[in-house]
Amino acid sequence: MTAPVTEVSRAADLLRAGELVAFPTETVYGLGADARNPQAIARIFAAKGRPADHPLIVHLPDVSHLEHWASEVSEMAFKLATAFWPGPLTLIMRRRLSVLDAVTGGQDTVGLRVPNHPMALQLLQVFDGGIAAPSANRFGRISPTTAAHVREELGNSVSMILDGGSCLVGIESTILDLSGTEPRILRPGMLDAIAIGDVLGFIPEFGAKLETPRVSGSLEAHYAPITPLQLVAAVEVAQLAHRAVQAGRHLAVLSAQPPTFSHQKLLWITASADSAQFAHDLYAQLRELDAIGADLILVEAPPATDSWRAVADRLRRAAAGSNRG
Ligand code: TXA
Ligand code: MG
């Protein structure tokens, strides 16, 4: 979905003036600011309520911009960037000194990606520079996958929201750290280790080597609804749901199985059994389940296979972080 040229040039003008513009990407909506403007970056942290040491991803119009942000572009980095950009892959690379500390959280690395959404690419090309953008949600909450989600949560803090429909991928990009001795996946995403391995020639390992990785997605409490969320085994969903409702609890369920009963105190969403479709729907469905003010959200645990890894990661964090207000 592209936007009228006037809308995109207005958005680029707002960014140049230091304002915040929310825009769609293929993963989730981003809360964008001029990555070279410290005041604009400060606005992102204020709007999100995000701790200042959590670094931001800088979105670029194309691979040729890499050298303005990364101090050195290795052959491996260039290969990965050309293979997967535009696309849901963020590369962590050693930064140029000119990159703002406010963007990198004071680290010597920077996260970079070219998003695969026509409206984001239009905006980046007209802006012709780096746009720093975290997911456009309040810190610790569920990432937005529609313009309406952004409006509900951050409508008062942004100057403009570009509406590009619902995000195709639906969960955040895969983060691959290229700054160490060997590449490591810091955050799983729908672009999986096998696809990355095909380009690298070997499959990268998961998890940061450092003891305190500055990946906010690595905090246990993240991507969380307000209602307590519990992950349960597939074979237990029906029985546990029935028992909870019998006990008078107001219940929300997300399961690949259809409901076995109905009740006025039950909202049951039958999720897709396909991991890509499940990821696409996940955050909108969690918002819907959260909105009914239930006592509990029961979610069927996904299969323990590679294609479900990123989804399982987000669900685990949602379960760890729920009910923190
Ligand atoms: O799909 C996405 O990546 C979305 C869209 C908008 O592009 N963005 C996104 O941003 O998820 P955010 O800020 O919600 O999550 C970015 C993650 C954070 O966990 C942050 O800590 C990590 O990337 N990150 C950014 N720069 C980093 C760096 N230099 N080193 C390690 N982690 C970094
Ligand atoms: Mg986020």
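Student: Sorry, what's going on with the nonpolar core here?
Tutor: Inside soluble globular proteins, nonpolar side chains tend to come together where they are buried. Within the largest apolar cluster, 47 residues are counted, with the highest numbers of intra-cluster contacts made by Leu80, Trp85, Leu89, Leu91, Leu112 and Ile196. Examining the composition of this core, we find that five residues originate from one element, helix H2 (residues 38-48), more than from any other. Those residues within four positions of Leu112 in sequence are excluded, and the remaining contacts are Ile57, Val58, Leu60, Leu66, Trp69, Ala70, Trp85, Leu89, Thr90, Leu91 and Met93. Membership of the second largest hydrophobic core comes to 23 residues, among which are Val28, Leu254, Ala279 and Leu315.

Student: Explanation requested: the pairing of strand S14 (residues 296-300) in the structure shown.
Tutor: Regular strands have side chains that alternate between both faces of the sheet. Burial analysis of S14 places five of its five residues in the buried class, which makes it a mostly covered element. Of the two faces of S14, the one lined by Leu296, Leu298 and Glu300 and the one lined by Ile297 and Val299 are each fully buried. Relative to S14, strand S11 (residues 229-232) is paired through four bridges, and the arrangement is parallel. Bridge assignment links Leu231 to a residue of S14, and that residue is Val299. As judged from the four bridges shared by strand S12 (residues 251-255) and S14, these two strands associate in the parallel manner. In the strand pairing of S14, Leu254 is matched with Val299.

Student: Is there a simple way to think about the packing of helix H10 (residues 275-291) against helix H11 (residues 309-321) in this case?
Tutor: Angle between the axes and distance between the axes: these two values describe a pair of packed helices. Where H10 meets H11, the axes come as close as 9 Å, and the angle between the chain directions of the two elements is 30°. For the element pair H10 / H11, the angle class is roughly parallel. Pair H10 / H11 crosses with left-handed handedness. Counting all contacts with H10, which are made through Ser275, Phe278, Ala279, Leu282 and Tyr283, the residues of H11 involved are Val311, Arg314 and Leu315. Partitioning the contact of H10 with H11 into residue classes produces six nonpolar, one polar and one charged.

Student: Even after reading the chapter, I still don't get H2, so can you show me in this structure?
Tutor: Quick reminder: α-helices carry 3.6 residues per turn. Residues three or four places apart thus point the same way. Those residues of H2 that sit buried are Ala40, Ile41, Ile44, Phe45, Ala47 and Lys48. Down the axis of H2, the buried set is contained in an arc of 165°. They therefore lie on one face. More than 90 degrees from the buried face of H2, the exposed residues found are Gln39 and Ala46. Against the buried residues of H2 lie strand S2 (30-34), helix H5 (101-104), strand S6 (131-132) and helix H7 (147-154). Between the side-chain oxygen at the start of H2 and the backbone nitrogen of Gln39 there is a gap of 2.9 Å, and the oxygen is on Asn37. Gly49 sits one or two positions beyond H2 and adopts a positive phi of about 70°.

Student: Help me understand the sheet that holds strand S3 (residues 57-59), please; the structure alone is not making it clear to me.
Tutor: Sheet strands associate in pairs through backbone hydrogen bonding, adopting either a parallel or an antiparallel arrangement. With mixed pairing, 10 strands are arranged side by side in an open sheet as S7-S1-S2-S6-S3-S5-S4-S8-S9-S10. Each end of this open sheet is capped by a strand with a single partner; those strands are strand S7 (160-161) and strand S10 (205-206). Sheet strands in contact with helix H4 (residues 75-84) are strand S4 (89-94) and strand S8 (174-177), and its direction is about 160° off that of S4.

Conventions and cut-offs
- Residues numbered from 1 in each chain as written.
- Chains lettered and ligands numbered in written order.
- Predicted model: local features only at pLDDT ≥ 70, side-chain atom pairs only at ≥ 80, totals over all residues.
- Heavy atoms only, no water.
- Core = buried A, V, L, I, M, F, W, Y, C linked by side-chain atoms within 4.5 Å.
- Buried < 20%, exposed > 50% of the residue type's maximum accessible area, 1.4 Å probe, protein only.
- Helix = DSSP H or I, 4+ residues; strand = E, 2+ residues; numbered from the N terminus.
- Contact = heavy atoms within 4.5 Å.
- Pairing = 2+ DSSP bridges.
- Axes fitted to C-alpha atoms, helices over the stretch in contact; angles between N-to-C directions.
- Parallel < 35°, antiparallel > 145°, perpendicular 65-115°, else oblique.
- Left-handed = near helix turned anticlockwise from the far one by under 90°.
- Nonpolar A, V, L, I, M, F, W, Y, C, P; charged D, E, K, R; others polar.
- Arc of directions from axis to C-beta.
- Polar contact = N/O pair within 3.5 Å; in protein donor to acceptor, adjacent residues only side chain to side chain.

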